[in-house]
Amino acid sequence: MKKYLKFFVMILVSTVAMFFMMYLNLYALSHFYFSQTRGFMALLMGAAMAILMLLFMWKMYANKKANVAILVASLLVFGGSLFMVRSQTAVDDVAWLKAMIPHHSIAVLTSSRADLTDPEVKALAEEIIETQEEEIEKMKELIKRLEANP
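Below is a short write-up of the structure. Counting from 1, residues in each chain are numbered in the order their sequence is written. In view of the model being predicted, local features appear only for residues whose pLDDT reaches at least 70, and side-chain atom pairs are presented and counted only at 80 or more, with totals across whole chains, interfaces and linings using the full set of residues. Computation of side-chain values covers all heavy atoms of the structure but excludes hydrogens and water.

**Points about the environment of Gly46**
Inference 1: Here a helix means four or more residues in a row that DSSP labels H or I, a strand means two or more in a row labelled E, and each is numbered from the N terminus. Of note, Gly46 is situated in helix H2 (residues 36-56).
Inference 2: In this structure the C-alpha to C-alpha distance between Gly46 and Ile11, which are 35 residues apart in sequence, comes to 6.1 Å.
Inference 3: Sequence-distant contacts of Gly46, defined by excluding residues within four places in its chain, comprise Ile11, Thr15 and Met18. Contacts are assigned to residue pairs with any non-hydrogen atoms lying within 4.5 Å of each other.

**Considerations on helix H3 (residues 64-87)**
Structurally, the α-helix is built with 3.6 residues per turn, so residues lying three or four positions apart point the same way.
Inference 1: Compared with an ideal rise of 1.5 Å per residue, which puts 24 residues at 34 Å, H3 spans 34 Å between its outermost C-alpha atoms and is within 8% of the ideal.
Inference 2: Turning to H3, the residues buried within the fold contact helix H1 (2-21) and H2.
Inference 3: Polar contacts, as used here, are pairs of N or O atoms within 3.5 Å; protein pairs need one atom able to donate a hydrogen and one able to accept it. Residues neighboring in sequence count only if both atoms are side-chain atoms. Two or three places before Lys65, at the opening of H3, Asn63 has a side-chain oxygen 3.1 Å from that residue's backbone nitrogen.
Inference 4: Looking one or two residues past H3, Gln88 carries a phi angle of roughly 60°, positive in sign. Working rule for helices: expected span equals 1.5 Å times residues minus one.

**What to know about helix H5 (residues 119-148)**
Inference 1: The first and last C-alpha atoms of H5 sit 44 Å apart over 30 residues, in line with the 44 Å expected at 1.5 Å per residue.
Inference 2: Here's how the labels work: a residue is buried when its accessible area is under 20% of the maximum for its type, exposed when over 50%, partly exposed in between, all with a 1.4 Å probe on protein chains only. Within the span of H5, buried status applies to Ala125, Ile129, Gln132, Ile136, Met139, Lys140 and Ile143.
Inference 3: Contacts made by the buried residues of H5 are with helix H4 (93-113).

**Some remarks on a nonpolar patch on the surface**
Inference 1: Residues forming no salt bridge and having over 30% relative accessible area are the ones grouped into patches, like charges within 9 Å of each other and nonpolar side chains (Val, Leu, Ile, Met, Phe, Trp, Tyr) within 5 Å. Accessibility throughout is a Shrake-Rupley quantity obtained with a 1.4 Å probe, and a residue counts as covered only by protein chains that appear here. By definition, a salt bridge exists where a carboxyl oxygen of Asp or Glu is found within 4 Å of a side-chain nitrogen of Lys or Arg. Together, Leu12, Val16, Phe20, Leu29 and Phe32 give the surface a local cluster of nonpolar side chains, amounting to about 520 Å² of exposed area.
Inference 2: Structurally, Val16 is set in helix H1.

**Some details on a negative patch on the surface**
Inference 1: Positive: Lys, Arg. Negative: Asp, Glu. His and the chain ends are not part of the count. Each charge is placed at NZ for Lys, CZ for Arg, CG for Asp and CD for Glu. A cluster of like negative charges, contributed by Glu127, Glu130, Glu133, Glu134 and Glu135, occupies part of the molecular surface.
Inference 2: Among the structural elements, Glu135 can be located in helix H5.
Inference 3: With a relative accessible area of 37%, Glu135 lands in the partly exposed category.

**Looking at the side chain of Asn67**
Inference 1: Here Asn67 shows up in helix H3.
Inference 2: Ignoring any residue separated from it by four or fewer positions in sequence, one finds Asn67 in contact with Tyr4, Leu54, Trp58 and Tyr61.

Right, here's the structure in full:
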């Protein structure tokens, strides 16, 4: 039983860590907004990790019924998370805006830090930086307005 508890804690901690690691490529900390999609992606990855780890370490875990239950639960979490990511069912206006800010921030980071030499590519990167930063500010304003007047 102790092995299974350790397994669940390991999957839980790894899933939370994966969620926050998805934000490590933000251009600015002020671009950190909770994203449901990133949450579902973390659950999807955690479920996949649980499946793979259990299959690789099958002999370490002696309770076959518990193993099958973990696999079934993990497959359900994986499938449900994949559905939520692909369908965007739970995403409303504010959730969409909060998901798009980190997305745009990644474009700013890669465009501003890439070692670009071609003048046309450089010009495109500068245009992307400018438009993405403008859109981030617009999205922040919209979030404030929508959260103030639900």
